[in-house]
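Each chain is listed here by its residues.
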Amino acid sequence: TSGEVYICTDATAGANVWTNVGPGTGDIIPWKFGGENYGYAAGGYQSGTTTADVIDKFSLTSDANATDVGNLTQERHNGAGATSKTYGYKGGGTAVGPLVRSDRIDKWAFASDGNATDVGNSTDGRSFASGHSSTTYGYVAGGQIDGSTWTNIIDRFAYASDGNASDWADISQARSRAVGISSATYSYSCGGWTSGIPGGDHWDIIDKFPF
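The structure contained in this document is the topic of the report that follows. (Residues numbered from 1 in each chain as written. Predicted model: local features only at pLDDT ≥ 70, side-chain atom pairs only at ≥ 80, totals over all residues. Heavy atoms only, no water.)

### Remarks on the packing of aromatic side chains
A complete count under the given rule lists 11 aromatic pairs for this structure. With centroids separated by 5.7 Å and ring planes inclined at 55°, the aromatic side chains of Tyr139 and Phe209 adopt a geometry described as tilted. Of this pair, Tyr139 sits in strand β13 (residues 137-141) while Phe209 sits in strand β20 (residues 206-210); the two residues are 70 residues apart in sequence, bridging distant segments of the chain. Of the two residues, Tyr139 and Phe209, both sit in the buried class. Through pairs of rings, three or more aromatic residues link up here, namely Tyr139, Trp168, Phe209 and Phe211. Directly above the ring of Tyr87 sits Lys107, whose terminal nitrogen or CZ lies 4.1 Å from the centroid. It is Arg177 that lies over the ring of Trp193; its NZ or CZ is 4.3 Å from the centre. (Phe/Tyr/Trp six-rings, centres within 6.5 Å; stacked < 30°, edge-to-face > 60°. Helix = DSSP H or I, 4+ residues; strand = E, 2+ residues; numbered from the N terminus. Buried < 20%, exposed > 50% of the residue type's maximum accessible area, 1.4 Å probe, protein only. Lys NZ or Arg CZ within 6 Å of the ring centre and 35° of its normal.)

### A word on the nonpolar core
Listed in full, the 10 residues of the largest apolar core are Ala80, Ala82, Tyr89, Ile105, Val119, Ala129, Val140, Phe157, Tyr159 and Ala165. Apart from the residues within four sequence positions on either side, Ile105 is in contact with Tyr89, Lys90, Gly91, Thr117, Asp118, Val119, Gly120, Asn121, Ser122, Phe157 and Ala165. In terms of nonpolar packing, the next biggest core, distinct from the first, is built from 6 residues, Ala42, Ile55, Val69 and Leu72 among them. (Core = buried A, V, L, I, M, F, W, Y, C linked by side-chain atoms within 4.5 Å. Contact = heavy atoms within 4.5 Å.)

### Some words on empty space enclosed by the protein
Per the counting criterion, the structure on display carries 2 cavities of 30 Å³ or more. Roughly 30 Å³ of volume is contained in the second largest cavity. Lining the second largest cavity, in full, are Tyr89, Lys107, Val119, Phe157, Ala158, Ser161, Asp162 and Gly163. Residue classes in the lining of the second largest cavity are distributed as 4 nonpolar, 2 polar and 2 charged. (1 Å grid on protein atoms, 1.4 Å probe; cavity = no way out; pocket = protein on both sides within 12 Å on 5 of 7 lines; lining within 4 Å. Points joined across faces, edges and corners; volume = space filled by probe spheres on them. Nonpolar A, V, L, I, M, F, W, Y, C, P; charged D, E, K, R; others polar.)

### Here's the deal with the environment of Gly81
When you line up the elements, Gly81 lands in strand β6 (residues 80-83). In this structure the C-alpha to C-alpha distance between Gly81 and Ile145, which are 64 residues apart in sequence, comes to 17 Å.

### Section: the pairing of strand β1 (residues 6-10)
Judged from the 4 bridges that link them, β1 and strand β2 (residues 17-20) form a sheet pairing that is antiparallel. For Asp10, the partnering residue across the bridge sits in β2 and is Val17. (Pairing = 2+ DSSP bridges.)

### Some details on a nonpolar patch on the surface
On the surface, Val5, Ile7 and Val21 cluster together into a nonpolar patch covering about 240 Å² of accessible area. Note that Val5 resides in the segment before β1. (Patch = residues over 30% accessible without salt bridge, like charges linked within 9 Å, V, L, I, M, F, W, Y side chains within 5 Å. Areas by Shrake-Rupley, 256 points an atom, 1.4 Å probe, with all protein chains shown as cover. Salt bridge = Lys/Arg side-chain N within 4 Å of Asp/Glu carboxyl O.)

### Some words on the layout of surface pockets
Over the atoms, a rolled probe matching the size of one water molecule traces out where space is still vacant. Of the voids in this model, the largest pocket is the one considered here, and its volume is about 640 Å³. For the largest pocket, the lining is made up of 25 residues, of which Phe33, Gly34, Tyr38, Thr83 and Phe110 are closest to its centre. Of all elements in the fold, only β3 (38-47), β6 and β7 (87-91) reach the threshold of two or more residues within the lining of the largest pocket. Among the elements that make up the lining of the largest pocket, the one with the highest residue count is β3 (5 residues). Here the residues of the lining of the largest pocket sort into 11 nonpolar, 9 polar and 5 charged. In this structure, the second largest pocket occupies an estimated 190 Å³ of space. Gly81, Ser130, Gly131, Val179 and Gly180 are the residues nearest the centre of the second largest pocket, which is lined by 16 residues in total. Contributing elements (two or more residues each) for the lining of the second largest pocket: β6, β12 (130-133) and β18 (179-182).

### As for the sheet that holds β12
Strand order in this open sheet of 4 strands is β12-β13-β16-β17, and the pairing throughout is antiparallel. Only two strands of the sheet have a single neighbouring strand rather than two, namely β12 and β17 (166-170). In this sheet, neighbouring strand axes are inclined to one another by 30° on average, regardless of whether the strands run parallel or antiparallel. Of the strand pairs in this sheet, β12 and β13 are connected by 4 bridges, and their pairing is antiparallel. Bridge assignment links His132 to a residue of β13, and that residue is Tyr139. (Axes fitted to C-alpha atoms, helices over the stretch in contact; angles between N-to-C directions.)

### Here we look at the pattern of salt bridges
Pairing is possible between side chains that carry opposite charge, provided their charged atoms lie close to one another. Inspection of the entire model under this criterion finds 7 salt bridges. Across the pair Asp155 and Arg126 runs a salt bridge, and its minimum N-O distance is 3.2 Å. Residue Asp155 is located in strand β16 (residues 153-158), and its partner Arg126 is located in the loop between β11 (117-121) and β12; the two are separated by 29 residues in the primary sequence. Take Asp155: its relative accessible area is 0%, and that puts it in the buried class. Classification of Arg126 as buried rests on a relative accessible area of 1%. With a shortest N-O distance of 3.3 Å, Arg175 and Asp207 are connected by a salt bridge. One end of the pair, Arg175, is in the loop between β17 and β18; the other, Asp207, is in strand β20, with 32 residues separating them in the sequence. Residue Asp207 is classed as buried on the basis of its relative accessible area of 9%. Here the salt bridges share partners, and the residues they tie into one network are Asp124, Arg126 and Asp155.

These figures capture arrangement, not role.
Set out below in structure tokens:
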């Protein structure tokens, strides 16, 4: 009754893309957040004044140990992860010895193993932020700026072209260590931590923002 007509323009198994050739809007594009082949763990805290820059890759189809397939551009831990269909991203994090909170956004390809490249910067250096992913953008929400400062800023960066993130919106409470969860249309920032703020310390908030 609407006059909408769809043509299948990508017949990839389990990921068909249908283009609306009626009104020309409202295409059907499958949501695919984590992929089906591999998972990745990038960077991390090791001990004392030691952080890692290793990008580990492990199979999602068979149980086995991870393999070292590349390196971040900077050793750091507690960064925020995001993913497009073809690339992984690591935003921010903390490097130790001396303590530095990074504003760097690293990107590495899924198609071929290799090192990450620095493709942009967040609006500020932060650690313990939550990472979120839509089909077109990555998000870095909240986080810790320094030993006594937390942020509520949601940074957004595009997958289509490399570049800096922009201050896109805010979560309801400045905090760090929240868990990021993404659906096809919304993302959620759950829980978190602050210290030295009246009524703070541990939060039970679930924030929701639309893509």
